[in-house]
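Given next are the chains, with one letter for each unit.
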Amino acid sequence: MCGDMDDDESEIEERLYARFRAHAQELLAQPAPQEPADLSEYLDKLFFDSLSRSVRDGEQAEAARRYERLGMQPLVFARLAGFLAGHLALSEDPLRKVIEAMMMGYGEAEALDHAQGQDHGHDHHHHGDVPARDHH
């Protein structure tokens with residue numbers, strides 16, 4: 001019985017990692033500026049470079065360890081965001097900006113689920129194989 005639960009958990013982790021990889025590949029398929037002309041393009045390039053590194057690191061891990069690695073990456077990026085924000089003037093409200101950016105990224109993952117659901121004729125969202133949210 002315990003082995004069945006481990007198998008189920010492993011299958012869910014594999015599906016969640018596959019979801020991440022599919023979303024990342026969809027985003028990375030978009031052309032990213034090689035020489036950013038302005039701050040917005042620079043930020044997009046930094047995002048794409050970081051996402052590309054996350055995917056590459058995941059793919060280099062053993063298949064059984066990919067989800068674990070994915071699960072730890074947000075903590076590293078949050079630490080980096082806190083470190084960078086900790087060097088900004090408090091009048092710029094860096095913590096609020098970091099939280100807003102994090103929530104924007106979380107929303108992008110759900111939007112990609114929604115777009116894929118529309119492409120496949122589904123009317124609900126999935127977080128791996130577990131329904132994440134039904135907006136109907």
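Residues numbered from 1 in each chain as written. Predicted model: local features only at pLDDT ≥ 70, side-chain atom pairs only at ≥ 80, totals over all residues. Heavy atoms only, no water.

Please explain the overall build of the protein as it appears in this structure.
When its secondary structure is counted, the protein shows four helices and zero strands. Secondary structure of the protein in N-to-C order comes out as α-α-α-α. Taken over 136 residues, the protein has a buried fraction of 17%. Looking at the protein alone, contacts between residues at least 24 apart form 52% of all its contacts between residues at least 6 apart. (Helix = DSSP H or I, 4+ residues; strand = E, 2+ residues; numbered from the N terminus. Buried < 20%, exposed > 50% of the residue type's maximum accessible area, 1.4 Å probe, protein only. Contact = heavy atoms within 4.5 Å.)

Is there a simple way to think about the nonpolar core in this case?
Considering soluble globular proteins, one finds that nonpolar side chains tend to be buried as a cluster. Core analysis: the biggest nonpolar cluster contains nine residues, these being Y17, F20, A24, L27, F48, L51, V55, L70 and L112. If you list the elements that add at least two residues to this core, you get α1 (2-28) and α2 (39-60). Here the element with the most residues in this core is α1; it accounts for four residues. Discounting residues that sit within four places of it in the chain, A24 has contacts with L51 and V55. (Core = buried A, V, L, I, M, F, W, Y, C linked by side-chain atoms within 4.5 Å.)

Would you mind showing me how to read unusual backbone geometry here?
Working note: non-glycine residues mostly have negative phi, and peptide bonds are mostly trans. In this structure, D93 takes a positive phi of about 50° despite not being glycine. Relative accessible area serves as the criterion here: at 33%, D93 is assigned to the partly exposed category.

Explain the environment of S52 to me, please; I cannot follow it from the model alone.
Tracing the backbone shows S52 in helix α2. Between the alpha carbons of S52 and L27 there is a distance of 9.7 Å; along the sequence they are 25 residues apart.

For this particular structure, what's the right way to read the confidence of the model for the protein?
When pLDDT drops low, the exact placement of atoms in the prediction is not to be read closely. Looking at the protein as a whole, its pLDDT mean stands at 84, while 81% of the residues score no less than 70. For the protein, per-element mean pLDDT is lowest for helix α4 (residues 94-119), which scores 86, and highest for helix α3 (residues 66-85), which scores 96. (pLDDT = per-residue confidence, 0-100.)

Would you mind going over the pattern of salt bridges with me for this structure?
A pair can form between side chains of opposite charge whenever their charged atoms are brought close. Following the criterion strictly, the structure yields nine salt bridges and no others. The shortest N-O distance in the salt bridge between R19 and D113 comes to 2.6 Å. Taken together, the residues R19 in helix α1 and D113 in helix α4 connect sequence positions 94 residues apart. With relative accessibility at 15%, the residue R19 sits in the buried group. Assessed through its relative accessible area of 7%, D113 is described here as buried. A salt bridge links D57 to R53; its shortest N-O distance comes to 2.9 Å. Here the residue D57 and the residue R53 both occupy positions in helix α2, the gap between them amounting to four residues, near one helical turn. What makes D57 buried here is its relative accessible area of 18%. (Salt bridge = Lys/Arg side-chain N within 4 Å of Asp/Glu carboxyl O.)

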